[in-house]
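# Report on the structure
So you can see what is in the structure, the chains are spelled out below.
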Amino acid sequence: MTIDSLKQSQLMSKEISDLIISHEKVAHVQLQNPLDHALLILIKSGYTAIPVLDNDFRVRGQISKNEILDSILGLERLEIERLHDITVETVMKNKIPRLKTDATFAKALTTSINHPFICIEDEKTSFVGILTRSSILALVNRYFQQ
Ligand code: AMP
């Protein structure tokens, strides 16, 4: 095995724990929040999409500005007055990528191809934090620059 392929396999089998943004720093909403609250959090945080959690701190999905705006799209205008009557649970995306804290970097890299962020859970499926595609790319970049 060459030094390059040894380094590559070390990178790929590395665990993702060092790259996780901890849950305290992650903007999120809850299932029963109304859409006006979710939109406020999305706009104030500047993120396009954020995780949705339940009362037990488990990840149930993610919600984006696009899903919110799409849900209030009337025939001729955005029906903004409906934002308060619709809950996050009704419009969120519930099929989302998840990984455990001990997942390998290789698995995270593959998962990130189609997703800007991945939710990370512990062994009891409680929310630990997120892994962003940019942090994965930054590590790949460091690897190639060395
Ligand atoms: P980034 O790679 O930093 O641009 O993040 C990619 C995506 O991950 C963002 O568009 C958000 O959807 C999500 N994200 C990143 N950081 C946070 C955070 N602190 N809280 C909530 N969502 C985040």
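Scroll up a little and you will see the structure.
Position numbers for residues start from 1 in each chain and track the written sequence from start to end. Totals for whole chains, interfaces and linings use all residues, but because this is a predicted model, local features are given only for residues with pLDDT of at least 70 and pairs of side-chain atoms are given and counted only at 80 or more. Hydrogens and waters are ignored; side-chain quantities use all the structure's heavy atoms.

### Thoughts on helix α6 (residues 133-145)
- Secondary structure counts use DSSP, requiring at least four H or I residues in a row for a helix and at least two E residues in a row for a strand, with both numbered from the N terminus. For a helix, the expected span equals 1.5 Å multiplied by the number of residues minus one. For α6, with 13 residues, the first-to-last C-alpha span of 18 Å sits near the 18 Å given by 1.5 Å per residue.
- Burial in α6 covers these residues: S135, I136, L139, V140 and Y143. Viewed end-on, α6 has its buried residues packed into an arc of 140 degrees, placing them on one side of the element. Relative to its buried face, α6 has exposed residues pointing more than 90 degrees away, namely S134, L137, F144 and Q145. Whether a residue is buried, partly exposed or exposed follows from its accessible area with a 1.4 Å probe, protein chains only, as a fraction of its type maximum: under 20%, in between, or over 50%, in that order. Here, the arc refers to the directions that run from the helix axis to the C-beta atoms.

### As for unusual backbone geometry
- Its identity as a non-glycine residue notwithstanding, F57 has a phi of 65 degrees, on the positive side.
- You can see F57 is positioned in the loop between β3 (49-53) and β4 (59-64).
- For F57, a relative accessible area of 29% gives the class partly exposed.
- With phi around 65 degrees, T125 is a residue other than glycine that occupies positive phi space.
- With respect to the helices, strands and loops of the structure, T125 is situated in the loop between β6 (117-121) and β7 (127-132).

### Section: the site of the ligand
- One heavy atom within 4 Å of a molecule or strand makes the whole residue count as near it. Contacts to the ligand come from K25, V26, A27, Y47, A49, I50, P116, F117, I130, T132 and S134.
- Here a polar contact is taken to be a pair of N or O atoms separated by no more than 3.5 Å, where protein atoms must pair a possible hydrogen donor with a possible acceptor and residues adjacent in sequence count only if both atoms sit in side chains. Note that a nitrogen atom of the ligand is positioned 2.9 Å from one of the backbone N or O atoms of A27.
- A distance of 3.3 Å separates a nitrogen atom of the ligand from a polar side-chain atom of Y47.
- Here the ligand has 480 Å² of accessible area as a free molecule, and 78% of this is covered by the chains.
- Put plainly, a pocket is an open set of points on a 1 Å grid over the protein atoms alone with protein on both sides within 12 Å along at least five of seven lines, a cavity is a set where a 1.4 Å probe fits but cannot get out, and a lining residue has an atom within 4 Å of a point. Pocket or cavity membership: a molecule qualifies when more than half of its atoms sit within 2 Å of the grid points of that site. In this structure, the ligand is accommodated by the largest pocket.
- Mapped by element, the contributors of at least two residues to the shell around the ligand are β3 and β7.
- We call Asp, Glu, Lys and Arg charged. Ala, Val, Leu, Ile, Met, Phe, Trp, Tyr, Cys and Pro are nonpolar, and the rest, Gly among them, are polar. Looking at side-chain class alone, the shell around the ligand contains 8 nonpolar, 2 polar and 1 charged residues. Only the protein chains shown count as cover for residues, and the accessible areas themselves come from Shrake-Rupley with a 1.4 Å probe.

### Some details on the pairing of β3
- With 5 of its 5 residues buried, β3 lies for the most part within the structure.
- Two strands pair if DSSP finds at least two bridges between them. Both strand β2 (residues 29-30) and β3 contribute to a ladder of 2 bridges, which runs parallel. The partner of V29 across the bridge, within β3, is V52.
- Examined bridge by bridge, β3 and β4 share 5 bridges and lie antiparallel to one another. Across the sheet, residue L53 finds its bridge partner in β4, namely V59.
- Taken together, β3 and the strand that follows it, β4, pair antiparallel across an intervening segment of 5 residues, in which F57 is found at a positive phi of about 65 degrees.

### Examining the environment of N94
- Inspection of the secondary structure puts N94 in the loop between α4 (88-91) and β5 (98-100).
- A residue is classified by how much of its surface remains accessible, and N94, at 51% relative accessible area, is exposed.
- Here the alpha-carbon distance between N94 and S64, two residues 30 residues apart in the chain, equals 12 Å.
- Residues are treated as being in contact if the distance between any of their heavy atoms lies within 4.5 Å. Residues within four places of N94 in sequence aside, it is in contact with R60 and G61.

### Brief notes about the packing of aromatic side chains
- Classification of ring pairs rests on two measures: the distance between centres of Phe, Tyr or Trp rings, Trp counted by its six-membered ring, which must be within 6.5 Å, and the angle between planes, read as stacked under 30 degrees, edge-to-face over 60 and tilted in between. Per the counting criterion, the structure on display carries 2 aromatic pairs.
- Look at F57 and F127: their rings are 6.0 Å apart centre to centre, the planes differ by 55 degrees, and that puts the pair in the tilted class. Residue F57 is located in the loop between β3 and β4, and its partner F127 is located in strand β7; the two are separated by 70 residues in the primary sequence.
- An angle of 75 degrees between the planes, with centres 5.1 Å apart, marks the rings of Y143 and F144 as edge-to-face.
- Using a relative accessible area of 15% as the deciding quantity, one classes Y143 as buried.
- What makes F144 exposed here is its relative accessible area of 61%.

Taken by themselves, the reported measurements are silent on function.
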